[in-house]
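Here are the chains, one letter per residue:
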Amino acid sequence: MTDHDDTRCNDMLGSLSDYVDGELREDLCREIEKHLAGCANCRVVVDTLKKTVYLYHETARIGEIPVDVRERLFKRLELEDYLKKS
Amino acid sequence: MDENSQDFSLEALRAGDRAELARVVDAYSGQIYRLALKMLGNPQDAEDVLQNTFLKAILHFPNFEGRSSISTWLYRIAANEALMILRKQKPEIPVPGEDETDEDDDYLPVQFVDWSSLPETELASSEAHTYLDAAVRQLSEKLRMVFILRDVEGLSIRETGEVLGLTETAVKTRLLRARLQLREQLSDYYRERLRQENIR
Ligand SMILES: [Zn+2]
């Protein structure tokens, strides 16, 4: 626990989104990685935060629009003639 | 995200070309429906948002100048429709995370269990998906909308800002808060899965 420095951890928090998105400036990345090397808690936060973002992004793959919903939409928009082609 | 935006003829859409409209509907109805469903959690409400979005789009195509992509523009209409439904359901109760001036301390991580290397079968089980959806709906409206657009739909920070009329800084602040809040919730859930994995 000796390597745990709350102030450093909290300072890092604000850059975390950019960091996991790979959009953080190179020098700031180095700083974060230096901190991560010595701070187990922040490593867990970064790894689980990355995974959180990944898992939600994956949910966009499933759940296409149901056939009946599409059909009612086309009828509502008076596009019945175009229901078949797609 | 907008790869097929340019494939549509704005001229035809403004003139009320039905075939072109049908192509636009097929290209974008999936993402609009998903946004509404994630935001509202109710298929009937999501369908209302979907239909109203395209009805409004048809009405406003003549005024659409094409400065943003069709996709961004449709998202913007859909986001407003979804927020309108939420307002009707529960008018203006202040929720933590609603205010930009909130202390960042409210978002400090408290869970430090590393569940990130759980097998994919655990992480993405159908039970886990139900939990993920429920966790998103625990977010305040403002955090939820930013999170869904950026992290589920995959819009950029700039596009998310365009859809919601927010600065990039505001988008980033909300996004970070949403992500941190969801990480805590997911830690609650996966910590238990991890424990059972270790027993086996
Ligand atoms: Zn740390």
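Residues numbered from 1 in each chain as written. Chains lettered and ligands numbered in written order. Predicted model: local features only at pLDDT ≥ 70, side-chain atom pairs only at ≥ 80, totals over all residues. Heavy atoms only, no water.

Caption draft 1: Representation of the interface of chain B and chain A within the structure. Between chain B and chain A, the residue contacts involve 46 residues of the former and 39 residues of the latter. Both sides of the chain B and chain A interface together cover about 4000 Å² of buried area, and 65% of this is carbon and sulfur. When residues of chain B are sorted by the area they lose upon contact with chain A, B:Arg18, B:Phe112 and B:Arg179 head the list and together hold 14% of the total. Across the contact surface, chain B and chain A share six salt bridges. With a shortest N-O distance of 2.7 Å, A:Arg70 and B:Asp26 are connected by a salt bridge. Here chain B is connected to chain A by 16 residue pairs in polar contact (both at pLDDT 80 or more). Only helix H2 (18–40), helix H3 (43–60), helix H5 (120–123), helix H6 (126–137), helix H7 (141–152) and helix H9 (168–199) of chain B provide two or more residues apiece to the side of chain B that touches chain A. The element best represented in the side of chain B that touches chain A is H2(B), accounting for eleven residues. Counted by class, the side of chain B that touches chain A contains 27 nonpolar, seven polar and twelve charged residues. (Contact = heavy atoms within 4.5 Å. Buried area = accessible area lost by both parts, 1.4 Å probe. Salt bridge = Lys/Arg side-chain N within 4 Å of Asp/Glu carboxyl O. Polar contact = N/O pair within 3.5 Å; in protein donor to acceptor, adjacent residues only side chain to side chain. Helix = DSSP H or I, 4+ residues; strand = E, 2+ residues; numbered from the N terminus. Nonpolar A, V, L, I, M, F, W, Y, C, P; charged D, E, K, R; others polar.)

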